[in-house]
Amino acid sequence: DAGVTQSPTHLIKTRGQQVTLRCSPKSGHDTVSWYQQALGQGPQFIFQYYEEEERQRGNFPDRFSGHQFPNYSSELNVNALLLGDSALYLCASSFRGLAGGMRNEQFFGPGTRLTVL
Amino acid sequence: AQTVTQSQPEMSVQEAETVTLSCTYDTSENNYYLFWYKQPPSRQMILVIRQEAYKQQNATENRFSVNFQKAAKSFSLKISDSQLGDTAMYFCAFMKTPTGANSKLTFGKGITLSVRP
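Quick caveat: nothing in here was measured; it's all calculated off a predicted structure.

## A closer look at the state of the cysteines
Residue and element names in this part refer to chain B.
Next, step 1: Inspection of the entire model under this criterion finds 2 disulfides over all chains.
Next, step 2: Disulfide pairing places Cys23 opposite Cys92 at an S-S distance of 2.0 Å. Taking the sign of the torsion about the S-S bond as the criterion, the disulfide between Cys23 and Cys92, at about -70 degrees, is left-handed. With a gap of 69 residues between them, Cys23 in the loop between strand E3 (19-21) and strand E4 (24-26) and Cys92 in strand E10 (residues 88-96) connect regions that are remote in the sequence. Judged on exposure class, the residue Cys23 and its partner Cys92 are both buried.

Right, here's the structure in full:
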């Protein structure tokens, strides 16, 4: 059973560029959450996708956008990159199901290390 | 808004000894979940243990146990018989009881635990 996978592992971009990060959830999971983890800090919630819609959003600017596909995989897009966007981006998946309740455990992927020069 | 505070940035423990990691949080919610996550140098965030706020009994998972003090809003992690593989960054995290979209994790800044041989 494959866990949460993320690609790419590492990425180097320059200021002003755009980047797309990808996440495949754990088998059986239907909800994907994205977190930004600056060096030496705890992860900060960016947003969460369920049923191909953004359901919650943290305190991040509109430069951060996402998408969820019918197979539950997800993308995180960041436009007009700033030096401060350099971080580890973590994807977490969980199961919400049809009833609206949710098993609360989130399984994390290995992350994508983004460096903005 | 919820906040999670981990005031100890680093701790060190001798192999086979016991160590306690501290965490406090602030919330106006009555029902919620608390978690301890482990992040080794490999970056993969792994769930160590979780506690539902409505449960009075402290959660235990093998060598890991928590001391949950709801009134004091304190949630410490005790690691018994420390092993070299316990060396990692440990994060305390909070989640509202998930109803609908309230399933984001709020993390503390983390504590770096080193286990000495």
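## Some points on the side chain of Asn77 of chain A
Residues and elements named next belong to chain A.
Next, step 1: Counting through the fold element by element, Asn77 comes out in strand E8 (residues 74-78).
Next, step 2: Its relative accessible area of 15% is what places Asn77 among the buried residues.
Next, step 3: Here the side chain of Asn77 touches Thr20 through a polar contact of 2.6 Å, side chain to side chain.
Next, step 4: Setting aside residues up to four positions removed in sequence, Asn77 forms contacts with Gln18, Val19, Thr20, Arg63, Phe64, Ser65 and Gly66.

## Here's the deal with the interface of chain A and chain B
Next, step 1: Tallying the contact residues gives 25 residues for chain A and 22 residues for chain B.
Next, step 2: Together chain A and chain B conceal approximately 2,000 Å² of surface at their shared face, both sides included; 49% is due to carbon and sulfur atoms.
Next, step 3: Here chain A and chain B share 0 salt bridges between them.
Next, step 4: Remark: the boundary between chain A and chain B carries 4 residue pairs in polar contact (both at pLDDT 80 or more).

## Concerning the environment of Gly85 of chain B
Next, step 1: Within the secondary structure layout, Gly85 of chain B lies in the loop between strand E9 (74-79) and E10.
Next, step 2: Along the chain, Gly85 of chain B and Arg50 of chain B lie 35 residues apart, while their C-alpha atoms are 20 Å from each other.

## Topic: the nonpolar core
Taken as a class, soluble globular proteins show a tendency for nonpolar side chains to be buried jointly.
Next, step 1: Membership of the largest hydrophobic core comes to 26 residues, with the highest contact counts inside it found for Leu21, Tyr25, Trp36, Phe75, Leu77, Tyr90 and Leu113 of chain B.
Next, step 2: Elements with a minimum of two residues in this core: E3, strand E5 (32-39), strand E6 (46-52), strand E8 (64-69), E9, E10 and strand E12 (111-116) of chain B.
Next, step 3: Ranked by the residues each element gives to this core, the list is headed by E10 of chain B, at 4 residues.
Next, step 4: Sequence-distant contacts of Phe75 of chain B, defined by excluding residues within four places in its chain, comprise Leu21, Ser22, Cys23, Tyr25, Leu34, Phe35, Trp36, Gln51, Val66, Asn67, Phe68 and Cys92 of chain B.
Next, step 5: Counting 20 residues, the second largest nonpolar core, distinct from the first, contains Leu11, Cys23, Leu76 and Cys91 of chain A.

## Details of the packing of aromatic side chains
Next, step 1: According to the stated counting rule, one finds 16 aromatic pairs over all chains in the structure shown.
Next, step 2: Ring centres of Tyr37 of chain B and Phe107 of chain B lie 5.8 Å apart, and the angle between their planes is 50 degrees; this geometry places the pair in the tilted category. Pair noted here: Tyr37 of chain B is in strand E5 and Phe107 of chain B is in strand E11 (residues 106-107), with a separation of 70 residues, a long-range link. With respect to burial, Tyr37 of chain B and Phe107 of chain B carry one shared label: buried.
Next, step 3: Three or more aromatic residues link up through ring pairs in this structure, and these residues are Tyr35, Phe45 and Phe108 of chain A together with Tyr33, Phe35, Tyr37, Phe91 and Phe107 of chain B.

## Topic: the pattern of salt bridges
If charged atoms from side chains of opposite charge come close, those side chains can pair.
Next, step 1: Tallying each qualifying case throughout the model produces 8 salt bridges over all chains.
Next, step 2: Across the pair Glu75 of chain A and Arg22 of chain A runs a salt bridge whose closest N-O atoms are separated by 3.4 Å. Of this pair, Glu75 of chain A sits in strand E8 while Arg22 of chain A sits in strand E3 (residues 19-24), placing them 53 residues apart in sequence.
Next, step 3: Two residues, Lys55 of chain B and Glu52 of chain B, come together in a salt bridge whose shortest N-O distance is 4.0 Å.

Procedures and definitions
- Each chain has its residues counted from 1, following the order in which its sequence is written.
- Following the order in which they are written, the chains are lettered starting with A and the ligands numbered starting with 1.
- This being a predicted model, a pLDDT of at least 70 is required before a residue's local features are given, and a value of 80 or more before pairs of side-chain atoms are given or counted; all residues contribute to the totals for chains, interfaces and linings.
- Values shown for side chains rest on all heavy atoms present in the structure; no hydrogens or waters enter the calculation.
- Note on terminology: disulfide denotes any pair of cysteine sulfur atoms within 2.5 Å.
- Each helix is a run of H or I in the DSSP string that is no shorter than four residues. Each strand is a run of E no shorter than two, and both are numbered from the N terminus.
- Each residue's exposure class comes from its accessible area (1.4 Å probe, protein chains only) as a fraction of the maximum for that residue type: buried when under 20%, exposed when over 50%, partly exposed otherwise.
- Nitrogen and oxygen atoms within 3.5 Å of one another constitute a polar contact, given that in protein one can donate a hydrogen and the other can accept it, and given that sequence-neighbouring residues count only through two side-chain atoms.
- For this analysis, residues touch if any pair of their heavy atoms sits within 4.5 Å.
- Buried area, as used here, totals the accessible surface that two parts lose on assembly, with accessibility defined by a 1.4 Å probe and the loss added over both.
- We count a salt bridge whenever a side-chain nitrogen from Lys or Arg sits within 4 Å of a carboxyl oxygen from Asp or Glu.
- Here, nonpolar core means buried Ala, Val, Leu, Ile, Met, Phe, Trp, Tyr and Cys residues that are tied together by side-chain atoms lying within 4.5 Å of each other.
- Whether two aromatic rings pair depends on their centres lying within 6.5 Å, for rings of Phe, Tyr and Trp, where Trp uses its six-membered ring; planes under 30 degrees apart make the pair stacked, over 60 edge-to-face, and the rest tilted.

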